[in-house]
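Here is how the chains run, residue by residue.
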Amino acid sequence: MWTATTGPATVVVSSNFQYTVFVGSETWLRNGSVALTCGGTRHSRDDGTLTPLGPTRIIKGVHAGLAFTSVERQWAAGGCANVTTSIRHYAATEVIEFGTVFGAAGAKGTQTV
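Residues numbered from 1 in each chain as written. Predicted model: local features only at pLDDT ≥ 70, side-chain atom pairs only at ≥ 80, totals over all residues. Heavy atoms only, no water.

**Quick notes on the environment of Asn82**
Phase 1: Relative to the helices and strands, Asn82 resides in strand E10 (residues 81–90).
Phase 2: We classify Asn82 as partly exposed; its relative accessible area is 40%.
Phase 3: Linking Asn82 and Gly103, residues 21 residues apart in sequence, is a C-alpha distance of 5.3 Å.
Phase 4: Ignoring any residue separated from it by four or fewer positions in sequence, one finds Asn82 in contact with Leu53, Trp75, Ala76, Val101, Phe102 and Gly103. (Helix = DSSP H or I, 4+ residues; strand = E, 2+ residues; numbered from the N terminus. Buried < 20%, exposed > 50% of the residue type's maximum accessible area, 1.4 Å probe, protein only. Contact = heavy atoms within 4.5 Å.)

In structure tokens:
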């Protein structure tokens with residue numbers, strides 16, 4: 001669905017937000033997933049407890065004056081939190097950035113990503 005390459009690194013993301021990272025021809029990370037522990041309960045894309053809120057989207061934008069292309073997906077971690085995960089590619093600076101942002105309501109209890 002989405003691919004970004006910077007230098008020797010390439011990130012490939014599927015429509016269900018499963019991602020693989022290559023460095024040159026070597027697989028560095030295979031079947032990367034999204035998971036979150038919130039209020040002591042683990043929520044994961046793989047076991048269905050981290051529920052997608054709509055489709056994976058490709059976004060183009062500008063942040064801090066730098067243009068980027070990204071792939072992102074919003075998730076619900078039960079009643080604990082809503083989060084958005086993204087992978088941004090800033091071509092001008094050769095940066096690929098992985099990010100997670102909590103919704104405006106924050107999270108109920110402590111959380112780790």
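**Describing the sheet that holds strand E4 (residues 26–32)**
Phase 1: Within the open sheet, the four strands sit side by side as E1-E2-E3-E4. Their pairing is antiparallel. The sheet is open, and its two edges are formed by strand E1 (2–6) and E4, each paired on a single side. Going from strand to strand, the sheet's axes swing by 10° on average, the running direction of each strand aside.
Phase 2: Sheet topology places strand E2 (residues 9–13) next to strand E3 (residues 19–23); five bridges connect them, and they run antiparallel. When the bridges of E3 are listed, Val12 appears paired with Thr20. (Pairing = 2+ DSSP bridges. Axes fitted to C-alpha atoms, helices over the stretch in contact; angles between N-to-C directions.)

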